[in-house]
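Commentary on secondary and tertiary structure
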Amino acid sequence: MAHYQGLIHRYRDRLPVSDSTPVVTLNEGNTPLVELQRLPGMLGFDGRILVKFEGLNPTGSFKDRGMTLAVTKALESGARAIICASTGNTSAAAAAYAARAGMTSFVLIPEGKIALGKLAQAMMHGAVVLQIQGNFDDGMRLVQEISADMPVALVNSVNPYRLQGQKTVAFEIVEALGDAPDYHVLPVGNAGNISAHWSGYCESTGHETAACGHCAGQCPYHGHGARATRRPVMLGYQAAGSAPFLRGAPVPQPETVATAIRIGNPMSWSLAWAAVRESGGWFAECTDEEILSTQALLARSEGIFCEPSSATSLAGLIKDLRAGRIKSGSTIVATLTGHGLKDPDTAIAQSQPTHAVAADKGPIAELIARFL
Ligand SMILES: *Cc1c(COP(=O)(O)O)cnc(C)c1O
């Protein structure tokens, strides 16, 4: 078999592309599904917990799955430029895929509220970076207005191709496990990803659903390829200061250390509700402290470094396990949406300080002995 060439190539029969579509890819997707070895025991849980490490995509987050298709379709339609609002990762992915396609990218980000790694990516890939004095929701409104008036393609997840690309994560999980898991847990910000996961699982079982990537049950991709016998219960976790799904209404001033989900007015509101309702799942919330301690726990006990927003999936799961809301013996998949290297400041701020020591064997040996 030829080497892996990205998810459009892999799932061509289940995506809206033709043989003449100019595919823009960085070989995204095909990310590892890693079984946690220590955490289930530490939590007294007798089932399996696996993480889908989306931080190992080319730009370090799951946004690449949606961006490969959104930019491919923009290029196919003759667009020369793309635009998005972003909490960081969408801008990194948009900038990289635009560079790959030879297009111009414009990204609107909330001033001072995006993680350093993400800003570095957008700048390095040559995006025109606009830091706005407003939050993500303000940026979202502005890019919708601007893309309606100017020749720039909007690549936020209101673009249906984003969710079509992102649904492939469910196909990979079904293939890896041989069926869908019992539960799927993930962080919820703009709510595109939970909707896309659900649509991928529904297609894998041949179910039709309103959550099927805006297709309203009309898309032709149901029931192709890998088949699952069931669909998981979907659990969506939010940061307490930015939890519109828990409040039942938009949150005007969202705040959380998990900047990727610092979103008060999610675009995929009804699709995400449909995913949770149809699957028999629920939304729940975690504090910033719970998110950060889970991020550290995962890094120290499993060797997996995800960004704070991503740790929300496991932080929420830990609470639901402790509350007895999860059936014993279940297989659970958690999406780890982005890589920990994206946000070095938050990682360093919550870690033990480093040790300043003379470049002499004596004091170094003394220090090491204290830890043995
Ligand atoms: C975008 C993003 C999210 C939120 O995904 P939505 O589709 O907006 O709900 C979560 N974590 C990370 C790391 C992200 O980049």
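As a reminder, the structure under discussion sits directly above these lines.
Now for a description of the structure that goes with this document.

So, how was this worked out
- Residues numbered from 1 in each chain as written.
- Predicted model: local features only at pLDDT ≥ 70, side-chain atom pairs only at ≥ 80, totals over all residues.
- Heavy atoms only, no water.
- Near = heavy atom within 4 Å.
- Polar contact = N/O pair within 3.5 Å; in protein donor to acceptor, adjacent residues only side chain to side chain.
- Areas by Shrake-Rupley, 256 points an atom, 1.4 Å probe, with all protein chains shown as cover.
- Helix = DSSP H or I, 4+ residues; strand = E, 2+ residues; numbered from the N terminus.
- Nonpolar A, V, L, I, M, F, W, Y, C, P; charged D, E, K, R; others polar.
- Pairing = 2+ DSSP bridges.
- Axes fitted to C-alpha atoms, helices over the stretch in contact; angles between N-to-C directions.
- Contact = heavy atoms within 4.5 Å.
- Core = buried A, V, L, I, M, F, W, Y, C linked by side-chain atoms within 4.5 Å.
- Buried < 20%, exposed > 50% of the residue type's maximum accessible area, 1.4 Å probe, protein only.
- Disulfide = S-S within 2.5 Å.
- Phe/Tyr/Trp six-rings, centres within 6.5 Å; stacked < 30°, edge-to-face > 60°.
- Parallel < 35°, antiparallel > 145°, perpendicular 65-115°, else oblique.

With that settled, the discussion passes to the site of the ligand. Of all residues adjacent to the ligand, which total 17 residues, the nearest are Lys63, Asn89, Asn190, Ala191 and Thr337. Contact between the ligand and asparagine 193: an oxygen atom at 2.8 Å from a main-chain N or O atom of the residue. One nitrogen or oxygen atom from the side chain of threonine 337 is found 2.7 Å from a nitrogen atom belonging to the ligand. Relative to its free-state accessible area of 390 Å², the ligand is covered by the protein chains to the extent of 97%. Elements with a minimum of two residues in the shell around the ligand: helix 9 (192-205) and helix 13 (308-322). Residues belonging to the shell around the ligand are distributed by class as follows: 6 nonpolar, 9 polar and 2 charged.

Our next topic: the sheet that holds strand 7 (residues 183-187). Strand order in the open sheet made by the 6 strands is 1-2-10-7-8-9, with mixed pairing throughout. Looking at strand neighbours, the two that pair on one side only are strand 1 (33-35) and strand 9 (282-286), the edges of this open sheet. When the angles between neighbouring strand axes are averaged without regard to direction, this sheet yields 25°. Taken together, the 3 bridges between strand 1 and strand 2 (residues 48-53) define a ladder with antiparallel strand orientation. Its bridge partner being in strand 2, glutamate 35 is matched across the sheet by leucine 50. Most of the contacts of helix 8 (residues 168-177) go to strand 2, to which it runs at about 135°, and overall it touches strand 1, strand 2, strand 7 and strand 10 (331-336).

In this section: the nonpolar core. With 30 residues, the main nonpolar core has Leu314, Leu317 and Ile326 as its most contacted residues. Of all the secondary-structure elements, those providing two or more residues to this core are strand 2, strand 7, strand 8 (233-239), strand 9, helix 12 (288-302), helix 13 and strand 10. Per element, the largest residue contribution to this core is 5 residues, and it comes from helix 13. When near neighbours in sequence (up to four residues on either side) are disregarded, leucine 314 contacts Leu36, Leu39, Ile49, Val51, Thr294, Leu298, Ala334 and Leu336.

We now examine the environment of tyrosine 161. Within the secondary structure layout, tyrosine 161 lies in helix 7 (residues 160-166). In this structure the C-alpha to C-alpha distance between tyrosine 161 and arginine 370, which are 209 residues apart in sequence, comes to 55 Å.

What follows deals with the pairing of strand 5 (residues 128-132). Looking down a regular strand, the side chains alternate between one sheet face and the other. Judged from the 5 bridges that link them, strand 4 (residues 104-110) and strand 5 form a sheet pairing that is parallel. Opposite proline 110, over in strand 5, you have isoleucine 132 as the bridge partner.

Turning our eyes to something else, we now look at the state of the cysteines. On inspection of all chains with the given rule, the structure shows 0 disulfides. Looking at the unpaired cysteine 306, the closest cysteine sulfur is the one in cysteine 286, lying at 12 Å. Residue cysteine 306 is classed as buried on the basis of its relative accessible area, which comes to 0%.

Right, let's talk about the pairing of strand 8 for a bit. Of all 7 residues that make up strand 8, 7 are buried, and the element is covered over most of its length. Burial along strand 8 is two-sided: Val233, Leu235, Tyr237 and Ala239 facing one way and Met234, Gly236 and Gln238 facing the other are all buried. Where strand 8 and strand 9 come together, 5 bridges link them in parallel fashion. Of the residues in strand 9, the one forming a bridge with tyrosine 237 is alanine 284.

Right, let's get into the packing of aromatic side chains. One pass over the full model with this rule turns up 6 aromatic pairs. Taking the centre distance of 5.9 Å and the plane angle of 65° together, the rings of phenylalanine 245 and tryptophan 273 count as edge-to-face. Taken together, the positions of phenylalanine 245 in helix 10 (residues 244-247) and tryptophan 273 in helix 11 (residues 269-279) put the pair 28 residues apart, joining distant regions of the chain. For phenylalanine 245, a relative accessible area of 3% puts it in the buried group.

What follows covers the packing of helix 12 against helix 13. Helix 13 packs onto helix 12 with a crossing angle of 95° between their chain directions and a minimal axis gap of 8 Å. Judged by the inter-axis angle, helix 12 sits roughly perpendicular to helix 13. Together, Glu290, Ile291, Leu292, Thr294, Gln295, Leu297 and Leu298 of helix 12 and Pro308, Ala311, Thr312, Leu314, Ala315, Ile318 and Lys319 of helix 13 make up the contact between the two elements. Across the contact of helix 12 with helix 13, the residue classes tally to 9 nonpolar, 3 polar and 2 charged.

Keep in mind these values describe shape, not function.
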